[in-house]
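Each chain, letter by letter, is given below.
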Amino acid sequence: MLVFGVPDPQSDDCTRAIACAQELLELMDQWNAKRGFDPPIRVGIGIHTGEVYCGLVGDDKRIEFTVLGDVVNVAAKIEQATKRFNTALLASETVVMRSGQLRTWREVGREPLAGRGEHLAIFACSGTKLRD
């Protein structure tokens with residue numbers, strides 16, 4: 001999990017998150033090609049944005065920084081949807097709109113959110129390759 005905008009949110013957090021995801025996918029393709037993996041190693045990336053609770057958790061032996069909240073759960077649902085939509089990168093409509101990249105993304109589905117009546121629009125980048 002990667003987090004942008006903690007502790008200081010920036011106006012381009014969504015844009016940077018998308019760029020990071022695209023770079024990770026490119027690096028994964030290069031790594032697969034270099035190592036000749038068959039089948040290739042694949043990842044699924046889901047991006048969402050919103051308020052989270054952040055802080056340190058743990059005890060005297062192990063402590064780590066984490067984020068908690070509905071946004072994290074929604075991002076995980078989006079990541080899981082990469083399997084159903086057969087693509088490596090998906091983002092919520094909010095992320096796409098805030099990034100200003102609507103022209104380069106397409107809506108692929110609407111997911112119901114558990115415990116709520118609303119649905120979440122999920123977008124795939126037009127340039128994202130489908131999985132083999």
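Please read these numbers as outputs of a predicted model, since none were measured by experiment.

How each quantity is defined
- Numbers given for residues are sequential positions, taken from 1 along each chain in its written order.
- The model is predicted, so local features are restricted to residues of pLDDT at least 70 and side-chain atom pairs to those at 80 or more, both for listing and for counting; the totals for chains, interfaces and linings are taken over all residues.
- For side-chain calculations, the full set of non-hydrogen atoms in the structure is used, while hydrogens and water are omitted.
- A pair of Phe, Tyr and Trp rings is counted when the ring centres sit within 6.5 Å of each other, with Trp represented by its six-membered ring. The angle between the planes then sorts it: under 30 degrees is stacked, over 60 is edge-to-face, the rest tilted.
- For the exposure calls, accessible area comes from a 1.4 Å probe over protein chains only, and a residue counts as buried if that area is under 20% of its type's maximum, exposed if over 50%, partly exposed in between.
- The helix and strand labels rest on DSSP assignments: H or I over at least four residues marks a helix, E over at least two residues marks a strand, and numbering proceeds from the N terminus.
- The contact rule is simple, with two residues in contact once any of their heavy atoms fall within 4.5 Å.
- For salt bridges, the criterion is a side-chain nitrogen of Lys or Arg within 4 Å of an Asp or Glu carboxyl oxygen.
- For two strands to be treated as a pair, DSSP must find at least two bridges joining them.
- To obtain an axis, a line is fitted to C-alpha atoms, over the contacting stretch when the element is a helix, and the angle between two such axes runs from 0 to 180 degrees between their N-to-C directions.
- As used here, the term nonpolar core means buried Ala, Val, Leu, Ile, Met, Phe, Trp, Tyr and Cys residues forming a set that is joined through side-chain atoms within 4.5 Å.

### As for the packing of aromatic side chains
Move 1: One pass over the structure, following the stated rule, counts 1 aromatic pair.
Move 2: Ring geometry for Trp-31 and Phe-37: centres 5.1 Å apart, planes at 75 degrees, overall edge-to-face.
Move 3: On the basis of relative accessible area, Trp-31 is assigned to the partly exposed category, the value being 37%.

### Here we look at the environment of Leu-102
Move 1: Take Leu-102: it is sitting in the loop between helix 3 (93-99) and strand 5 (105-112).
Move 2: Apart from residues lying up to four places away in sequence, Leu-102 is in contact with Val-96, Met-97 and Phe-123.

### A closer look at the pattern of salt bridges
Move 1: On inspection of all chains with the given rule, the structure shows 6 salt bridges.
Move 2: Asp-12 is the salt-bridge partner of Arg-16, the closest N and O atoms lying 3.2 Å from each other.
Move 3: The partly exposed category is assigned to Asp-12, whose relative accessible area is 34%.
Move 4: The closest approach of N and O atoms between Asp-13 and Arg-16, which form a salt bridge, is 2.5 Å. Here Asp-13 and its partner Arg-16 are both found in helix 1 (residues 13-35), 3 residues apart, which amounts to about one turn of the helix.
Move 5: By relative accessible area, Asp-13 is classed as buried at 12%.
Move 6: Each member of the salt-bridge network shares a partner with another, and the members are Asp-12, Asp-13 and Arg-16.

### Regarding the pairing of strand 6 (residues 119-125)
Move 1: Counting buried residues in strand 6 gives 6 out of 7 residues, a clear majority hidden from the surface.
Move 2: Here strand 4 (residues 89-92) runs beside strand 6; their pairing, made up of 3 bridges, is antiparallel. Bridging from a neighbouring strand, Ser-92 pairs with Ile-122 of strand 6.
Move 3: Across 7 bridges, strand 5 lies against strand 6 in antiparallel orientation. Bridge pairing in strand 6 links Glu-111 to Leu-120.
Move 4: The hairpin formed by strand 5 and strand 6 contains 6 residues between the paired strands, and Gly-115 there has a positive phi angle of roughly 80 degrees.

### Thoughts on the sheet that holds strand 4
Move 1: Strand order in the open sheet formed by 4 strands is 1-4-6-5, and the pairing between neighbours is mixed. Since the sheet does not close on itself, it has two edges, and those belong to strand 1 (45-47) and strand 5, each with one partner. The average undirected angle you get between the axes of adjacent strands in this sheet is 30 degrees.
Move 2: Sheet strands in contact with helix 1 are strand 1, strand 4, strand 5 and strand 6, and its direction is about 175 degrees off that of strand 1.

### Let's talk about the nonpolar core
Move 1: Ile-45, Ile-47, Leu-89, Ala-91, Val-95 and Trp-105 are the most contacted members of the largest nonpolar core, which totals 16 residues.
Move 2: Counting residues per element, the ones that place at least two in this core are helix 1, strand 1, strand 4, helix 3 and strand 6.
Move 3: No other element matches helix 1, which puts 5 residues into this core.

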